[in-house]
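One-letter residues, chain by chain:
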Amino acid sequence: MPELPEVESVRRGLAAHVPSRTIVQVEVLQPRSVRRHLQGPDDFASTLIGRTFGEPRRRGKYLWLPFEDGDALLAHLGMSGQFRLDTTDQPRHSHTRVAVTLDEGPELRFVDQRMFGGLALSRGGADAPPEIAHIAPDLLNPTLDRRALVRRVRTRSSAIKRALLDQSVVSGIGNIYADEALWRAKVHHGRPANDLSAVTVGRLLDAARDVMEEALAVGGTSFDALYVNVNGESGYFDRSLAAYGQEGRPCGRCGTPIVREHFMNRSSFFCPSCQSRG
DNA sequence: CTGTGGTCCTGTATGC
DNA sequence: TGCATACAGGACCACA
(Lines give C-alpha, C1' and ligand atoms only; values in the text may rest on other atoms or scores of the structure.)
Protein backbone atom coordinates (compact mmCIF):
# COMPACT_ATOMS: atom_id res chain seq x y z
CA MET A 1 0.00 0.00 0.00
CA PRO A 2 2.34 2.69 -1.18
CA GLU A 3 1.88 6.04 0.52
CA LEU A 4 4.26 8.98 0.48
CA PRO A 5 7.30 7.27 2.12
CA GLU A 6 7.06 4.25 -0.17
CA VAL A 7 6.62 6.36 -3.31
CA GLU A 8 9.55 8.55 -2.29
CA SER A 9 11.70 5.44 -1.74
CA VAL A 10 10.83 4.33 -5.26
CA ARG A 11 11.56 7.80 -6.63
CA ARG A 12 15.03 7.74 -5.07
CA GLY A 13 15.69 4.31 -6.51
CA LEU A 14 14.73 5.50 -9.97
CA ALA A 15 16.79 8.68 -9.54
CA ALA A 16 19.88 6.54 -9.15
CA HIS A 17 19.39 4.80 -12.48
CA VAL A 18 17.09 6.40 -15.06
CA PRO A 19 18.36 9.99 -15.59
CA SER A 20 20.13 10.33 -18.96
CA ARG A 21 18.83 6.91 -20.07
CA THR A 22 17.02 6.76 -23.42
CA ILE A 23 14.06 4.46 -24.11
CA VAL A 24 14.65 1.98 -26.94
CA GLN A 25 11.65 -0.33 -26.54
CA VAL A 26 8.30 -0.43 -24.68
CA GLU A 27 6.13 -3.52 -24.21
CA VAL A 28 2.61 -3.03 -22.85
CA LEU A 29 1.72 -6.47 -21.49
CA GLN A 30 -1.54 -5.32 -19.85
CA PRO A 31 -3.52 -2.50 -21.53
CA ARG A 32 -5.36 -1.70 -18.28
CA SER A 33 -2.14 -0.40 -16.80
CA VAL A 34 -2.04 2.41 -19.39
CA ARG A 35 -5.81 3.11 -19.37
CA ARG A 36 -5.16 6.72 -18.44
CA HIS A 37 -3.19 7.16 -21.64
CA LEU A 38 -6.27 7.93 -23.71
CA GLN A 39 -4.62 7.36 -27.10
CA GLY A 40 -4.24 3.69 -26.25
CA PRO A 41 -1.46 1.20 -25.53
CA ASP A 42 0.09 1.23 -29.01
CA ASP A 43 0.42 5.00 -28.96
CA PHE A 44 1.80 4.83 -25.42
CA ALA A 45 4.54 2.46 -26.49
CA SER A 46 5.52 4.21 -29.71
CA THR A 47 5.49 7.74 -28.35
CA LEU A 48 7.96 6.88 -25.58
CA ILE A 49 10.64 5.45 -27.82
CA GLY A 50 13.65 7.72 -28.25
CA ARG A 51 12.91 9.91 -25.25
CA THR A 52 15.54 10.57 -22.57
CA PHE A 53 14.76 10.66 -18.85
CA GLY A 54 15.58 13.50 -16.48
CA GLU A 55 15.34 13.55 -12.66
CA PRO A 56 12.27 11.70 -11.25
CA ARG A 57 9.84 13.83 -9.24
CA ARG A 58 6.94 13.29 -6.84
CA ARG A 59 3.92 15.04 -5.38
CA GLY A 60 2.03 13.07 -2.75
CA LYS A 61 1.61 9.56 -4.11
CA TYR A 62 2.07 10.60 -7.74
CA LEU A 63 5.41 10.05 -9.39
CA TRP A 64 6.58 11.42 -12.69
CA LEU A 65 9.65 10.85 -14.77
CA PRO A 66 10.34 14.00 -16.82
CA PHE A 67 11.79 13.74 -20.28
CA GLU A 68 14.35 16.18 -21.57
CA ASP A 69 11.82 17.31 -24.23
CA GLY A 70 9.36 18.70 -21.62
CA ASP A 71 6.89 15.81 -21.49
CA ALA A 72 6.85 13.24 -18.69
CA LEU A 73 5.92 9.68 -17.85
CA LEU A 74 3.27 10.02 -15.14
CA ALA A 75 2.82 7.11 -12.75
CA HIS A 76 0.65 6.11 -9.82
CA LEU A 77 1.37 2.90 -7.92
CA GLY A 78 -2.22 2.47 -6.70
CA MET A 79 -2.50 -0.43 -4.26
CA SER A 80 0.19 -2.74 -5.51
CA GLY A 81 2.21 -1.00 -8.21
CA GLN A 82 6.00 -1.37 -8.26
CA PHE A 83 8.85 -0.15 -10.40
CA ARG A 84 11.61 -2.70 -10.67
CA LEU A 85 15.04 -2.32 -12.20
CA ASP A 86 16.09 -5.79 -13.28
CA THR A 87 18.66 -6.97 -15.76
CA THR A 88 17.09 -8.41 -18.91
CA ASP A 89 18.26 -11.92 -18.04
CA GLN A 90 16.24 -11.90 -14.80
CA PRO A 91 12.80 -13.51 -15.27
CA ARG A 92 9.91 -11.09 -15.36
CA HIS A 93 7.60 -11.18 -12.37
CA SER A 94 4.22 -12.64 -13.37
CA HIS A 95 2.45 -9.32 -12.73
CA THR A 96 4.74 -7.31 -14.98
CA ARG A 97 2.40 -4.98 -16.90
CA VAL A 98 4.83 -2.74 -18.82
CA ALA A 99 8.48 -3.36 -19.68
CA VAL A 100 10.74 -0.51 -20.80
CA THR A 101 14.10 -1.30 -22.37
CA LEU A 102 16.74 1.40 -21.91
CA ASP A 103 19.80 2.13 -24.02
CA GLU A 104 21.99 0.70 -21.28
CA GLY A 105 21.68 -0.71 -17.77
CA PRO A 106 18.74 -2.63 -16.28
CA GLU A 107 15.23 -2.90 -17.72
CA LEU A 108 12.53 -0.72 -16.13
CA ARG A 109 9.51 -2.86 -15.26
CA PHE A 110 6.11 -1.77 -13.98
CA VAL A 111 4.66 -4.59 -11.90
CA ASP A 112 1.13 -4.34 -10.47
CA GLN A 113 -0.91 -7.20 -9.07
CA ARG A 114 -4.23 -5.41 -8.51
CA MET A 115 -3.93 -2.90 -11.33
CA PHE A 116 -5.20 0.13 -9.46
CA GLY A 117 -2.05 1.89 -10.57
CA GLY A 118 -1.01 2.96 -14.04
CA LEU A 119 1.20 4.90 -16.42
CA ALA A 120 0.48 7.64 -18.95
CA LEU A 121 2.37 10.16 -21.04
CA SER A 122 1.88 13.67 -19.71
CA ARG A 123 2.21 16.30 -22.45
CA GLY A 124 4.24 19.22 -21.18
CA GLY A 125 4.26 17.60 -17.74
CA ALA A 126 7.98 17.63 -17.00
CA ASP A 127 7.72 20.42 -14.44
CA ALA A 128 4.12 20.00 -13.24
CA PRO A 129 1.84 17.47 -14.94
CA PRO A 130 -1.55 19.13 -15.66
CA GLU A 131 -3.27 15.81 -14.85
CA ILE A 132 -2.37 16.26 -11.17
CA ALA A 133 -3.12 19.95 -10.81
CA HIS A 134 -5.81 19.02 -8.26
CA ILE A 135 -3.32 17.21 -6.00
CA ALA A 136 -2.37 19.39 -3.02
CA PRO A 137 1.24 19.82 -1.85
CA ASP A 138 2.46 17.13 0.51
CA LEU A 139 3.80 17.42 4.05
CA LEU A 140 7.41 16.92 3.00
CA ASN A 141 7.25 19.85 0.61
CA PRO A 142 9.48 22.53 2.18
CA THR A 143 7.36 25.33 0.68
CA LEU A 144 4.15 24.01 2.28
CA ASP A 145 2.11 26.77 3.92
CA ARG A 146 1.31 25.10 7.24
CA ARG A 147 -1.02 27.82 8.54
CA ALA A 148 -3.04 27.84 5.32
CA LEU A 149 -3.30 24.06 5.48
CA VAL A 150 -4.51 24.10 9.10
CA ARG A 151 -7.13 26.67 8.08
CA ARG A 152 -8.28 24.58 5.11
CA VAL A 153 -8.57 21.40 7.15
CA ARG A 154 -10.68 23.24 9.71
CA THR A 155 -13.21 24.33 7.07
CA ARG A 156 -14.25 20.69 6.64
CA SER A 157 -17.27 19.36 8.48
CA SER A 158 -16.52 15.72 7.67
CA ALA A 159 -14.44 13.40 9.83
CA ILE A 160 -10.84 14.45 10.35
CA LYS A 161 -9.53 11.21 8.86
CA ARG A 162 -11.48 11.85 5.67
CA ALA A 163 -9.82 15.25 5.42
CA LEU A 164 -6.36 13.72 5.97
CA LEU A 165 -7.01 11.21 3.19
CA ASP A 166 -8.35 13.84 0.76
CA GLN A 167 -5.47 14.38 -1.65
CA SER A 168 -6.86 17.75 -2.72
CA VAL A 169 -6.41 18.98 0.88
CA VAL A 170 -3.00 17.50 1.64
CA SER A 171 -1.35 14.74 -0.36
CA GLY A 172 0.63 11.62 0.43
CA ILE A 173 -1.28 10.33 3.46
CA GLY A 174 -3.02 6.97 3.12
CA ASN A 175 -4.83 4.70 5.57
CA ILE A 176 -1.72 3.50 7.41
CA TYR A 177 -0.08 6.85 8.13
CA ALA A 178 -3.45 8.51 8.82
CA ASP A 179 -4.05 6.04 11.66
CA GLU A 180 -0.49 6.47 12.95
CA ALA A 181 -0.75 10.28 12.93
CA LEU A 182 -4.14 10.21 14.68
CA TRP A 183 -2.73 7.88 17.34
CA ARG A 184 0.32 10.09 17.92
CA ALA A 185 -1.82 13.22 18.19
CA LYS A 186 -4.45 11.41 20.33
CA VAL A 187 -7.29 12.34 17.98
CA HIS A 188 -10.23 10.07 17.15
CA HIS A 189 -10.60 9.51 13.38
CA GLY A 190 -14.32 10.30 13.40
CA ARG A 191 -14.19 13.74 14.97
CA PRO A 192 -15.44 16.50 12.66
CA ALA A 193 -12.45 18.44 11.34
CA ASN A 194 -14.12 21.75 12.13
CA ASP A 195 -14.52 20.75 15.79
CA LEU A 196 -10.76 20.56 16.31
CA SER A 197 -8.68 23.51 17.46
CA ALA A 198 -5.98 24.98 15.23
CA VAL A 199 -3.39 23.76 17.72
CA THR A 200 -4.71 20.18 17.53
CA VAL A 201 -4.84 20.16 13.73
CA GLY A 202 -1.32 21.58 13.65
CA ARG A 203 -0.09 18.86 16.01
CA LEU A 204 -1.83 16.22 13.91
CA LEU A 205 -0.21 17.42 10.68
CA ASP A 206 3.18 17.56 12.39
CA ALA A 207 2.63 13.99 13.59
CA ALA A 208 1.79 12.89 10.05
CA ARG A 209 4.92 14.55 8.72
CA ASP A 210 7.08 13.02 11.47
CA VAL A 211 5.76 9.49 11.04
CA MET A 212 6.23 9.62 7.27
CA GLU A 213 9.79 10.94 7.64
CA GLU A 214 10.59 8.14 10.09
CA ALA A 215 9.12 5.55 7.73
CA LEU A 216 11.07 6.97 4.80
CA ALA A 217 14.29 6.67 6.79
CA VAL A 218 13.80 2.88 6.99
CA GLY A 219 12.54 2.37 3.46
CA GLY A 220 8.78 2.54 4.10
CA THR A 221 6.23 0.00 5.33
CA SER A 222 5.97 -3.52 3.86
CA PHE A 223 3.44 -6.09 5.10
CA ASP A 224 3.97 -8.48 2.22
CA ALA A 225 5.50 -8.52 -1.23
CA LEU A 226 3.11 -5.83 -2.47
CA TYR A 227 5.46 -3.02 -1.56
CA VAL A 228 9.16 -3.28 -2.35
CA ASN A 229 11.68 -0.79 -3.70
CA VAL A 230 13.18 -0.82 -7.22
CA ASN A 231 15.60 -3.55 -6.11
CA GLY A 232 12.84 -5.76 -4.73
CA GLU A 233 13.68 -4.99 -1.09
CA SER A 234 11.09 -4.48 1.68
CA GLY A 235 10.82 -1.52 4.06
CA TYR A 236 11.01 -1.98 7.82
CA PHE A 237 8.54 0.51 9.27
CA ASP A 238 5.86 -2.16 9.87
CA ARG A 239 7.84 -2.99 13.03
CA SER A 240 7.31 0.55 14.31
CA LEU A 241 3.57 0.85 13.74
CA ALA A 242 1.73 1.88 16.92
CA ALA A 243 -1.88 1.58 15.74
CA TYR A 244 -2.35 0.30 12.18
CA GLY A 245 -2.83 -3.47 12.14
CA GLN A 246 -2.41 -3.68 15.92
CA GLU A 247 -5.94 -4.80 16.83
CA GLY A 248 -5.98 -6.40 20.29
CA ARG A 249 -2.39 -5.41 21.11
CA PRO A 250 -1.82 -3.03 24.03
CA CYS A 251 -1.57 0.66 23.24
CA GLY A 252 2.06 1.72 23.60
CA ARG A 253 1.04 4.62 25.86
CA CYS A 254 -1.70 3.30 28.13
CA GLY A 255 -1.94 -0.45 27.54
CA THR A 256 -5.59 -0.43 26.45
CA PRO A 257 -6.12 -2.90 23.59
CA ILE A 258 -6.14 -1.25 20.15
CA VAL A 259 -9.55 -1.44 18.49
CA ARG A 260 -10.41 -1.89 14.83
CA GLU A 261 -13.47 -0.17 13.41
CA HIS A 262 -14.93 0.02 9.92
CA PHE A 263 -14.76 3.54 8.58
CA MET A 264 -15.09 4.82 5.01
CA ASN A 265 -15.14 1.25 3.66
CA ARG A 266 -11.76 0.50 5.19
CA SER A 267 -10.34 -0.26 8.63
CA SER A 268 -9.38 2.27 11.26
CA PHE A 269 -7.17 1.22 14.17
CA PHE A 270 -7.08 3.37 17.28
CA CYS A 271 -6.74 3.41 21.06
CA PRO A 272 -10.23 3.83 22.55
CA SER A 273 -8.71 5.34 25.69
CA CYS A 274 -6.13 7.81 24.30
CA GLN A 275 -8.19 8.78 21.25
CA SER A 276 -11.54 9.82 22.63
CA ARG A 277 -14.41 10.95 20.45
CA GLY A 278 -14.35 14.23 22.31
C1' DC B 1 -18.20 24.27 -3.81
C1' DT B 2 -18.62 20.24 -0.17
C1' DG B 3 -19.90 15.62 1.18
C1' DT B 4 -20.85 10.63 0.50
C1' DG B 5 -20.88 6.08 -1.14
C1' DG B 6 -20.09 2.86 -5.07
C1' DT B 7 -16.68 0.87 -8.22
C1' DC B 8 -12.54 -1.04 -9.98
C1' DC B 9 -8.94 -5.27 -9.30
C1' DT B 10 -6.60 -9.89 -7.68
C1' DG B 11 -4.66 -12.83 -4.21
C1' DT B 12 -5.05 -14.55 0.39
C1' DA B 13 -7.55 -16.00 4.32
C1' DT B 14 -11.55 -17.75 6.42
C1' DG B 15 -16.16 -20.13 6.85
C1' DC B 16 -19.46 -23.78 5.94
C1' DT C 1 -11.99 -30.76 -1.19
C1' DG C 2 -14.57 -27.05 -2.97
C1' DC C 3 -17.06 -23.16 -3.32
C1' DA C 4 -18.53 -18.68 -1.47
C1' DT C 5 -17.43 -14.67 0.98
C1' DA C 6 -14.63 -11.02 3.26
C1' DC C 7 -10.81 -8.19 3.05
C1' DA C 8 -6.91 -5.23 1.56
C1' DG C 9 -7.70 0.35 -0.25
C1' DG C 10 -6.26 4.85 -3.68
C1' DA C 11 -8.48 7.47 -6.95
C1' DC C 12 -12.25 8.71 -9.38
C1' DC C 13 -17.02 9.54 -10.45
C1' DA C 14 -21.96 10.25 -10.06
C1' DC C 15 -25.16 12.33 -7.44
C1' DA C 16 -27.21 14.99 -3.45
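Keep in mind that this is a model prediction, so the values were computed, not measured.

**So, the overall build of chain A**
- Looking only at helices and strands, one finds six helices and ten strands in chain A.
- The C-alpha radius of gyration computed for chain A amounts to 20 Å, which stays within 12% of the reference 19 Å derived for 278 residues, consistent with globular compactness.
- Once the C-alpha set of chain A is aligned to its principal axes, its extents read approximately 60 × 35 × 30 Å.
- Residue burial in chain A is summarised as follows: out of 278 residues, 53% are buried.
- Here the contacts in chain A between residues at least 6 apart in sequence split such that 66% fall between residues at least 24 apart.
- When the accessible area of chain A is evaluated, it comes to approximately 12200 Å², of which 46% is carbon and sulfur surface.
- Taking the average place of the 36 positive charges on the side chains of chain A and the average place of its 33 negative ones, the gap between the two points comes to 8 Å.

**Things to note about the packing of helix H3 (residues 146–153) against helix H6 (residues 198–217)**
- The interhelical angle for the contact between H3 and H6, taken along N-to-C directions, is 115 degrees, at an axis separation of 9 Å. Classified by the interaxial angle, the pair formed by H3 and H6 is roughly perpendicular. Crossing of H3 over H6 shows right-handed handedness. Listed contacts from H6 to Arg146, Leu149, Val150 and Val153 of H3 are Ala198, Val201, Gly202, Arg203, Leu205 and Asp206.
- Classifying every residue of the contact of H3 with H6 by side-chain character gives six nonpolar, one polar and three charged.

**Remarks on the protein's contact with DNA strand B**
- Near DNA strand B the following residues occur: Arg32, His95, Gln113, Arg114, Met115, Phe116, Arg152, Arg156, Ser157, Ser158 and Arg162.
- Here, DNA strand B places atoms within 4 Å of the protein, and 70% of those atoms are sugar or phosphate.
- In this structure, Gln113 approaches DNA strand B through a side-chain N or O atom, which is 3.4 Å from a sugar or linking oxygen.

**Comments concerning the sheet that holds strand E2 (residues 57–59)**
- Strand order in the open sheet made by the four strands is E2-E3-E4-E8, with antiparallel pairing throughout. At either margin of the open sheet sits one strand with a lone partner, and together these are E2 and strand E8 (118–122). Along the sheet, successive strands turn relative to each other by an average axial angle of 25 degrees, direction set aside.
- Where E2 lies against strand E3 (residues 62–66), three bridges are found, and the strand directions are antiparallel. By the bridge assignment for E3, Arg57 is matched with Trp64.
- Its contacts with the sheet place helix H1 (residues 4–15) against E2 and E3, and it is angled at close to 15 degrees to E3.
- Contacts from helix H2 (residues 41–48) reach strand E4 (72–76) and E8 within the one sheet, and its direction differs from that of E8 by about 60 degrees.

**Regarding the side chain of Glu180**
- Relative to the assigned elements, Glu180 resides in helix H5 (residues 175–185).
- The side chain of Glu180 sits in the buried core without any salt bridge; Arg184 is the nearest counter-charge, 5.3 Å away.
- Engagement of the side chain of Glu180 in a polar contact is seen with the backbone nitrogen of Ala243, the distance being 2.8 Å.
- When residues no more than four places from it in sequence are discounted, the contact partners of Glu180 are Val211, Ser240, Leu241, Ala242, Ala243 and Tyr244.

**Thoughts on the nonpolar core**
- Counting residues in hydrophobic clusters, the biggest one holds 38 residues, and the most contacted among them are Leu139, Ile160 and Ile173.
- Those elements that provide at least two residues to this core are H3, helix H4 (160–165), H5 and H6.
- Here the element with the most residues in this core is H6; it accounts for eight residues.
- Apart from the residues lying within four places of it in its own chain, the contact partners of Ile160 are Val153, Leu182, Val187, His188, His189, Arg191, Pro192, Ala193, Leu196 and Leu204.

**Details of the domain arrangement of chain A**
- We note that the domain assignment places domain 1 (4–132) and domain 2 (146–270) within chain A.
- Relative placement of domain 1 and domain 2: their C-alpha centres are 28 Å apart.
- Tallying the contact residues gives 19 residues for domain 1 and 19 residues for domain 2.
- For the pairing of domain 1 and domain 2, the buried interface totals around 1600 Å² over both sides, and the portion due to carbon and sulfur atoms is 62%.
- Counting across the domain 1 and domain 2 interface gives zero salt bridges.
- Between domain 1 and domain 2 we count six residue pairs in polar contact (both at pLDDT 80 or more) in total.
- Counting only elements with at least two residues in the side of domain 1 that touches domain 2, the list comes to H1 and strand E5 (81–86).
- A per-element tally of the side of domain 1 that touches domain 2 places H1 first, with nine residues.
- Within the side of domain 1 that touches domain 2, the residues separate by chemical class into six nonpolar, six polar and seven charged.

What counts, and at which threshold
Residues numbered from 1 in each chain as written. Chains lettered and ligands numbered in written order. Predicted model: local features only at pLDDT ≥ 70, side-chain atom pairs only at ≥ 80, totals over all residues. Heavy atoms only, no water. Helix = DSSP H or I, 4+ residues; strand = E, 2+ residues; numbered from the N terminus. Rg over C-alpha atoms; globule rule 2.2 N^0.38 Å. Buried < 20%, exposed > 50% of the residue type's maximum accessible area, 1.4 Å probe, protein only. Contact = heavy atoms within 4.5 Å. Areas by Shrake-Rupley, 256 points an atom, 1.4 Å probe, with all protein chains shown as cover. Lys, Arg positive; Asp, Glu negative; His and termini not counted. Charge placed at Lys NZ, Arg CZ, Asp CG, Glu CD. Axes fitted to C-alpha atoms, helices over the stretch in contact; angles between N-to-C directions. Parallel < 35°, antiparallel > 145°, perpendicular 65-115°, else oblique. Left-handed = near helix turned anticlockwise from the far one by under 90°. Nonpolar A, V, L, I, M, F, W, Y, C, P; charged D, E, K, R; others polar. Near = heavy atom within 4 Å. Polar contact = N/O pair within 3.5 Å; in protein donor to acceptor, adjacent residues only side chain to side chain. Pairing = 2+ DSSP bridges. Salt bridge = Lys/Arg side-chain N within 4 Å of Asp/Glu carboxyl O. Core = buried A, V, L, I, M, F, W, Y, C linked by side-chain atoms within 4.5 Å. Domains from an automatic or database assignment. Buried area = accessible area lost by both parts, 1.4 Å probe.

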